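Architecture and fold: a report
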Amino acid sequence: MTAERERPGDGASAALERYLPASLRRAVASPATVAAFAAVVVPFALGWLDSRLFSPFALPGYLLYGVGTAIGNALAPRFEFWIYWVPFLGASYSIAVAVGYGYERLRDRATAAND
């Protein structure tokens with residue numbers, strides 16, 4: 001008789017479970033990821049729409065957008081600046097997923113320590 005491994009109840013397929021840890025799958029859309037994404041994008045977007053709304057909270061987004069614009073301008077100098085929002089949003093989401101994954105790992109460790 002073979003013992004079947006107990007699968008977590010998050011509804012993931014077996015192939016996905018094999019390649020991605022559960023905490024990474026949860027981090028992709030966790031509240032910590034959404035909050036980190038909003039913390040980077042919203043202050044910068046408000047300042048981009050109207051300069052009176054620019055605040056110091058927009059600095060991480062401004063730095064990320066500036067680096068992306070410099071790289072994008074070196075690769076394809078004829079694009080307008082609004083096109084660089086696509087890589088900015090992708091990079092912001094990547095950073096937010098890393099923050100969400102870290103939060104999920106800390107939460108898993110705290111739960112394991114309490115058990």
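The structure reproduced in this document is the subject of the present report. (Residues numbered from 1 in each chain as written. Predicted model: local features only at pLDDT ≥ 70, side-chain atom pairs only at ≥ 80, totals over all residues. Heavy atoms only, no water.)

1. A few points about helix α4 (residues 59-75)
The first and last C-alpha atoms of α4 sit 24 Å apart over 17 residues, in line with the 24 Å expected at 1.5 Å per residue. Every buried residue of α4 is listed here: Gly 61, Tyr 65, Thr 69 and Gly 72. In an axial view of α4, the angular spread of the buried residues amounts to 70°, which keeps them on one side of the axis. Turned more than 90 degrees off the buried face of α4, the exposed positions are Ile 71 and Ala 74. The inward-facing, buried residues of α4 contact α3 (31-49) and α5 (85-114). (Helix = DSSP H or I, 4+ residues; strand = E, 2+ residues; numbered from the N terminus. Expected span 1.5 Å × (residues − 1). Buried < 20%, exposed > 50% of the residue type's maximum accessible area, 1.4 Å probe, protein only. Arc of directions from axis to C-beta. Contact = heavy atoms within 4.5 Å.)

2. Notes on the packing of α4 against α5
The geometry of α4 relative to α5 is characterised by a closest axis approach of 9 Å and an angle of 125° between their N-to-C directions. Here α4 is positioned oblique relative to α5, judged by the angle of their axes. Considering only the axes of α4 and α5, their crossing is right-handed. On the side of α4, the interface is formed by Gly 61, Leu 64 and Tyr 65, while α5 contributes Trp 85, Phe 88, Ala 91, Ser 92 and Ile 95. (Axes fitted to C-alpha atoms, helices over the stretch in contact; angles between N-to-C directions. Parallel < 35°, antiparallel > 145°, perpendicular 65-115°, else oblique. Left-handed = near helix turned anticlockwise from the far one by under 90°.)

3. A short note on a nonpolar patch on the surface
Together, Phe 54, Leu 59, Tyr 62 and Leu 63 give the surface a local cluster of nonpolar side chains, amounting to about 410 Å² of exposed area. Assignment of secondary structure puts Leu 59 in helix α4. On the basis of relative accessible area, Leu 59 is assigned to the partly exposed category, the value being 47%. (Patch = residues over 30% accessible without salt bridge, like charges linked within 9 Å, V, L, I, M, F, W, Y side chains within 5 Å. Areas by Shrake-Rupley, 256 points an atom, 1.4 Å probe, with all protein chains shown as cover. Salt bridge = Lys/Arg side-chain N within 4 Å of Asp/Glu carboxyl O.)

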